[in-house]
Amino acid sequence: MPKLILQVRTKDNLLELLAKNQTGDWIVAKEKTHHITHIQVLNWEGTQMIEGIFDRNASYYLTPPNANRLLVKFLDGRIVNCKVKVGDPYALRYLEENPPT
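Conventions used here
Residues numbered from 1 in each chain as written. Predicted model: local features only at pLDDT ≥ 70, side-chain atom pairs only at ≥ 80, totals over all residues. Heavy atoms only, no water. Helix = DSSP H or I, 4+ residues; strand = E, 2+ residues; numbered from the N terminus. Rg over C-alpha atoms; globule rule 2.2 N^0.38 Å. Salt bridge = Lys/Arg side-chain N within 4 Å of Asp/Glu carboxyl O. Buried < 20%, exposed > 50% of the residue type's maximum accessible area, 1.4 Å probe, protein only. Core = buried A, V, L, I, M, F, W, Y, C linked by side-chain atoms within 4.5 Å. Contact = heavy atoms within 4.5 Å. Phe/Tyr/Trp six-rings, centres within 6.5 Å; stacked < 30°, edge-to-face > 60°. Lys NZ or Arg CZ within 6 Å of the ring centre and 35° of its normal. Pairing = 2+ DSSP bridges.

**Q** Give a detailed account of the overall build of the chain, specifying residues and quantitative values.
**A** The helix and strand inventory of the chain stands at 2 helices and 7 strands. Scanning the chain from its N terminus toward the C terminus, one meets helices and strands in the order β-α-β-α-β-β-β-β-β. In summary, the chain has a C-alpha radius of gyration of 13 Å against a globular reference of 13 Å for 101 residues, a match within 12%. Taking the principal axes of the C-alpha coordinates as reference, the chain spans close to 35 × 35 × 30 Å.

What follows is the structure, encoded as structure tokens:
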């Protein structure tokens, strides 16, 4: 499986998330967790995002009844301006880090 970027879309304040080096808990497929290398936390409009390195050692799955929800932590985060099309109603996507050309 290729290396993955976990991209989530949130209505939370990006500056607050950046200060905590984490974004909320998300339903993340456990079989994909070991392939995630980076995160992108998009604001709801898709005009800014936090880019960072997925902190696998600090991220953890919650206890039941929310055992399928991963608290996502990251390192070296920074906010960048972007223009990401957000017509998709889903708040979480997996992107291939280096997709084939």
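**Q** How would you sum up the pattern of salt bridges? Please name residues and give values.
**A** One pass over the full model with this rule turns up 2 salt bridges. Note that D25 is salt-bridged to R69, the shortest N-O span being 2.5 Å. With D25 in strand β2 (residues 22-27) and R69 in strand β6 (residues 69-81), this residue pair connects regions lying 44 residues apart in the sequence. Since its relative accessible area comes to 23%, R69 is described here as partly exposed. Salt-bridge contacts for R78 lead to E51; the nearest nitrogen and oxygen are separated by 3.0 Å.

**Q** Describe the nonpolar core, naming the residues involved and giving the relevant values.
**A** Counting 15 residues, the largest nonpolar core has L6, I39, V41, I50 and V72 as the members making the most contacts within it. Elements that contribute at least two residues to this core include exactly β1 (4-10), α1 (14-20), β3 (36-43), β4 (48-54) and β6. Residues contacting I39, with those up to four places away along its chain left out, are I5, L6, I50, E51, G52, F54, V72 and F74. L42, M49, V80 and C82 belong to the second largest nonpolar core, which has 5 residues in total.

**Q** Give me the lowdown on the environment of P65, citing residues and values where you can.
**A** Position of P65 relative to the elements: it lies in the loop between β5 (60-61) and β6. A relative accessible area of 78% places P65 in the exposed class.

**Q** Go over the packing of aromatic side chains, please, and point to the residues and values.
**A** One pass over the full model with this rule turns up 0 aromatic pairs. Its guanidinium or amino end placed over the ring of W44, K11 lies 4.9 Å from that ring's centre, counting from NZ or CZ. Geometry around Y61 places K30 over its ring, the cationic atom sitting 4.9 Å from the centre.

**Q** Which residues make up the side chain of T10, and what are the values?
**A** Among the structural elements, T10 can be located in strand β1. We classify T10 as buried; its relative accessible area is 6%. Aside from chain neighbours lying at most four places away, what touches T10 is L17, W26, V41, L42, N43 and W44.

**Q** Break down the pairing of β3 for me, with residues and values.
**A** Counting buried residues along β3, 6 of its 8 residues qualify, which places the element largely inside the surrounding structure. Judged from the 7 bridges that link them, β1 and β3 form a sheet pairing that is parallel. Bridge pairing in β3 links L6 to I39. As consecutive antiparallel partners, β3 and β4 are separated by 4 residues, and within that stretch G46 has a phi angle of approximately 80 degrees, a positive value.

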